[in-house]
Amino acid sequence: MMGWTGGSTRPEVPEEVRNALAVFQFDSMRRQIPILHAIALLNILIVDFVLWHDGQPLRFYAWTPIIGVFSLWRLMLWRGRNGRERPPLETIRRQLHGVHAAALASVGMISGFTVITYLGGGFGYPVLIPVSLAFGTFSIAHCLAPLRATSISVLLLGIAPAAVTMMATGSFMERVIGLSMLSVALLKIGFLRDTQKHIVDLLVMEKKVRDLATYDSLTGIHNRRAFEEAVAARIAAQTARSRDRFALALIDLDDFKGINDTRGHHAGDAVLKAVAERLAAHAGAEGIVGRLGGDEFVAMLPAPVDRAALERRMTALIAGLCVPASIDEEPVPVGASLGFAVFPDDADDYDRLVRTADQALYAAKREGKGCAQGPSRAASVEYRAA
């Protein structure tokens, strides 16, 4: 899938961090945009003042304040759109496209004006405008460094035409200055390439750290802490008028130690992965699943108001988990017991919800395993997996 990473998506930007890269670029632009426009305005004022001081006809440069007005308009538009709240990702990508287009349009107009002014002659300071443009271009490219393609395009568009023109038609000193401008631009391009590589490496590392803190390394589902935080956050979001019912199911594998002892730990790990995949598939997008540790799993699932419908779902869940797993092309029996409790019917905070589900799980184990049971015999009926 193509995405915005400052002009184009590069193969070296992993898919899993492209959204994070866009957010990083946006946050950087939010800090740098005022500086960027200030640089543009300052350079325009300097050039216009020198042209006026040199006695150049006003009609020759009277149009340049249009760029200043455009810069101010873009600045006000950017600040108006971006308060403290970060906009949605699609809006971020759209605004980054806008920064790219606006930067190239502004630098392109100034670059064309610079070449025309230099070739036209009749100006007492022929290298002033190209040098001023070079300083401004380098500053803009630095501000836009996180948007690699944009910053490189700005450098090429702002430096190359003037530098090549000076090297082709100027005096010896002007040719040296033009060559120097071009060489520094090439060095800056190398720096910009390294900058994005470092940014991407940092984002990849940050994602790995977040994954380690959030997901179980073996099964890929939530670990204990992340699951607890997710459920606690959902409970905290409830209001007295609107309570979102959900069931918390604790699952414990039956006779899992026997698999490790008879078939080896690699088979046990394969069974844990298979159970995690089945649990995640059953939960779908609306549920959250996690591994508490060892052979213990947990799931947060939407709970229908009808208790019988909920019990049927729990029965379907335990039946789906208790299907033999294929390990080394051989079927390995999988057994599991399940205890569940419903928020807010059975408990209204996380700790009590877990304790209630845990009591139901122990009751399911006592009843012969391989079954799903609610918090009390009065509230739920025991179902055995087929």
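Keep in mind that this is a model prediction, so the values were computed, not measured.

Draft legend 1. Layout of the overall build of the protein chain. A count of helices and strands for the protein chain gives twelve helices and eight strands. Compactness check: the protein chain gives a C-alpha radius of gyration of 32 Å against a globular reference of 21 Å for 386 residues, more than 25% above the reference. Over its C-alpha atoms, taken along the principal directions, the protein chain stretches across nearly 100 × 50 × 25 Å. Burial analysis of the protein chain (386 residues in total) assigns 47% to the buried set. For the protein chain, restricting intrachain contacts to residue pairs at least 6 apart in sequence, the fraction spanning at least 24 positions comes to 68%. Approximately 19500 Å² of the protein chain is accessible, and the part contributed by carbon and sulfur atoms is 61%. In the protein chain, 41 side chains carry a positive charge and 39 a negative one; their mean positions are 7 Å apart.

Draft legend 2. Highlighting empty space enclosed by the protein. Summed over the entire model, instances satisfying the criterion amount to two cavities of 30 Å³ or more. Taken as a whole, the largest cavity spans an internal volume of roughly 440 Å³. Ala-40, Ile-67, Ser-106, Val-107 and Ile-140 are, among the 30 residues lining the largest cavity, the residues nearest its centre. Those elements giving two or more residues to the lining of the largest cavity turn out to be α1 (18-53), α3 (65-81), α4 (89-120) and α5 (128-143). Per-element tally for the lining of the largest cavity: the top contributor is α1, with nine residues. Split into classes, the residues belonging to the lining of the largest cavity amount to 19 nonpolar, nine polar and two charged.

Draft legend 3. Inspection of the pairing of strand β3 (residues 296-302) at higher detail. Along β3, five of the seven residues are buried, which leaves the element largely enclosed by surrounding structure. Sheet topology note: the strand β1 (residues 246-254)/β3 ladder contains seven bridges and is antiparallel. Of the residues in β3, the one forming a bridge with Ala-247 is Leu-301. Turn length for the strand β2 (residues 288-293)-β3 hairpin, with the two strands adjacent in sequence and antiparallel, is two residues, and the turn residue Gly-294 shows positive phi of about 60°.

Draft legend 4. Fine view of the nonpolar core. Ranked by internal contacts, the top residues of the largest apolar core, which has 35 residues, are Ile-251, Leu-253, Val-271, Leu-279, Phe-297, Met-314 and Leu-338. Going through the elements one at a time, β1, α9 (256-263), α10 (265-283), β3, α11 (307-321), β4 (325-327) and β6 (335-343) are the ones with two or more residues in this core. Considering each element in turn, this core owes the most residues, eight residues, to α10. In this structure Leu-338 touches Ala-249, Leu-250, Ile-251, Met-314, Leu-317, Ile-318, Leu-361, Ala-364, Cys-371, Ala-372 and Gln-373, once residues within four positions along its chain are discounted.

Draft legend 5. Geometry of helix α8 (residues 224-236). With 13 residues, α8 should cover 18 Å at 1.5 Å per step; its first-to-last C-alpha distance of 18 Å lies within 8% of that length. Along α8, the residues that are buried comprise Ala-226, Phe-227, Val-231, Arg-234 and Ile-235.

Draft legend 6. Examining the layout of surface pockets more closely. Its boundaries defined by the atoms lining it, the largest pocket holds a volume of some 230 Å³. Taken together, 17 residues make up the lining of the largest pocket; nearest its centre are Leu-250, Leu-292, Glu-296, Asp-358 and Leu-361. Sorting elements by how many residues they give to the lining of the largest pocket places helix α12 (residues 350-366) first, with six residues.

Draft legend 7. Main features of the confidence of the model for the protein chain. Looking at the protein chain as a whole, the pLDDT averages 84, with 90% of positions reaching at least 70. Taken as a whole, residues 1-11 scores under 50 in pLDDT and shows 32 contacts with residues more than four places along the chain or in a different chain. Residue range residues 377-386 is modelled with pLDDT below 50. Its contacts to residues more than four positions away, or to other chains, number 28 contacts.

Draft legend 8. Focus on the packing of α10 against α11. One can describe the packing of α10 onto α11 by two numbers: an axis separation of 9 Å at closest approach and a directional angle of 150°. The angle between α10 and α11 falls in the class roughly antiparallel. For the pair α10 and α11, the crossing hand works out as right-handed. Contacts between α10 and α11 involve Val-275, Arg-278, Leu-279, His-282 and Ala-283 on the former and, on the latter, Arg-313, Ala-316, Leu-317, Gly-320 and Leu-321. Per-class residue counts for the contact of α10 with α11 are six nonpolar, two polar and two charged.

Rules used throughout
- Residues numbered from 1 in each chain as written.
- Predicted model: local features only at pLDDT ≥ 70, side-chain atom pairs only at ≥ 80, totals over all residues.
- Heavy atoms only, no water.
- Helix = DSSP H or I, 4+ residues; strand = E, 2+ residues; numbered from the N terminus.
- Rg over C-alpha atoms; globule rule 2.2 N^0.38 Å.
- Buried < 20%, exposed > 50% of the residue type's maximum accessible area, 1.4 Å probe, protein only.
- Contact = heavy atoms within 4.5 Å.
- Areas by Shrake-Rupley, 256 points an atom, 1.4 Å probe, with all protein chains shown as cover.
- Lys, Arg positive; Asp, Glu negative; His and termini not counted.
- Charge placed at Lys NZ, Arg CZ, Asp CG, Glu CD.
- 1 Å grid on protein atoms, 1.4 Å probe; cavity = no way out; pocket = protein on both sides within 12 Å on 5 of 7 lines; lining within 4 Å.
- Points joined across faces, edges and corners; volume = space filled by probe spheres on them.
- Nonpolar A, V, L, I, M, F, W, Y, C, P; charged D, E, K, R; others polar.
- Pairing = 2+ DSSP bridges.
- Core = buried A, V, L, I, M, F, W, Y, C linked by side-chain atoms within 4.5 Å.
- Expected span 1.5 Å × (residues − 1).
- pLDDT = per-residue confidence, 0-100.
- Axes fitted to C-alpha atoms, helices over the stretch in contact; angles between N-to-C directions.
- Parallel < 35°, antiparallel > 145°, perpendicular 65-115°, else oblique.
- Left-handed = near helix turned anticlockwise from the far one by under 90°.

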